[in-house]
Amino acid sequence: QDKIPYLSRLKEEGVTYSEHLSQFGGLQVDSFIPEIRQASVQAIGRMVKLFEPLEPLNYILHLGGDRFFRYLNVHAIDPVLRQELDKIFPHSPLKKYGLRKFLQVLMWWTQRHANNTLVVPSVLEAVGKLKNIIPPHKICLENLEYSDFDMMADKVIPRTGARICFDVGHDIIRNGFGHTKSFILK
């Protein structure tokens with residue numbers, strides 16, 4: 001807060017700013033709990049007000065629902081899953097393979113269902129409220145490594161007027177090296 005006047009003076013030298021909105025401290029604009037969503041939007045409003053003198057070009061918004069997906073992924077990632085299945089079926093590779101594939105499909109379906117029924121509607125509501133604080137074209141949703149950003153981009157961006165802050169590192173962690181090019185082309 002003390003540095004805002006100094007940072008404002010740098011604008012005279014051609015420096016521009018983007019505000020990377022906090023995702024920590026419990027902020028979850030995509031929480032399925034309405035009170036958490038509301039409080040998160042209010043906290044973001046205070047941050048936007050604080051940095052207003054810098055005239056940010058855009059506001060980068062992390063979506064917090066990845067906590068749910070991180071929990072699912074930790075319990076379904078292949079090395080951990082293989083290790084657990086080896087304990088259960090030490091001498092049955094066919095059972096291990098079949099159960100591993102079944103659990104991976106179940107996790108994929110669970111994530112898709114949670115995105116469609118909880119996360120996307122919550123994000124749409126939160127971005128709708130943020131539009132009262134931030135012009136929609138200045139809101140940039142950032143992809144994270146634990147959530148299905150393709151779905152978010154397909155379902156939220158066209159309906160809100162928000163934009164994308166594409167983090168290549170996060171994309172590679174989630175999808176490997178081949179997805180980045182196809183997402184950018186899309």
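Keep in mind it's a predicted model, so treat the numbers as computed, not measured.

Analysis parameters
- Residues numbered from 1 in each chain as written.
- Predicted model: local features only at pLDDT ≥ 70, side-chain atom pairs only at ≥ 80, totals over all residues.
- Heavy atoms only, no water.
- Salt bridge = Lys/Arg side-chain N within 4 Å of Asp/Glu carboxyl O.
- Buried < 20%, exposed > 50% of the residue type's maximum accessible area, 1.4 Å probe, protein only.
- pLDDT = per-residue confidence, 0-100.
- Helix = DSSP H or I, 4+ residues; strand = E, 2+ residues; numbered from the N terminus.
- Core = buried A, V, L, I, M, F, W, Y, C linked by side-chain atoms within 4.5 Å.
- Contact = heavy atoms within 4.5 Å.

**Side note on the pattern of salt bridges**
Right, on to step 1. Following the criterion strictly, the structure yields seven salt bridges and no others.
Right, on to step 2. With a closest N to O distance of 3.5 Å, K49 and E52 form a salt bridge.
Right, on to step 3. Classification of K49 by relative accessible area gives exposed; the value is 55%.
Right, on to step 4. For D154, the salt bridge is made with K186, and the minimal N-O distance between the two is 3.0 Å.

**Looking at the confidence of the model for the chain**
Right, on to step 1. Overall, the prediction assigns the chain a mean pLDDT of 85, with 90% of residues at 70 or greater.
Right, on to step 2. Per-element mean pLDDT across the chain ranges from 59 in helix 3 (residues 66-76) up to 95 in helix 1 (residues 4-10).

**Some thoughts on the nonpolar core**
Right, on to step 1. Formed by 29 residues in total, the largest nonpolar core has its most connected members in L21, I44, L61, V123, I139, L141 and M152.
Right, on to step 2. At the level of elements, helix 2 (34-50), strand 2 (59-62), helix 5 (93-130), strand 3 (139-142) and helix 6 (149-155) are the ones that each hand at least two residues to this core.
Right, on to step 3. A total of seven residues in this core trace back to one element, the largest contributor, which is helix 5.
Right, on to step 4. In contact with V123, other than residues within four places in its own chain, are D30, L63, L141, M152 and V156.

**Re the environment of R100**
Right, on to step 1. One can find R100 in helix 5.
Right, on to step 2. Given the relative accessible area of 7%, R100 is considered buried.
Right, on to step 3. Once the C-alpha coordinates of R100 and E84 are considered, the two residues, 16 residues apart in sequence, prove to be 9.9 Å apart.

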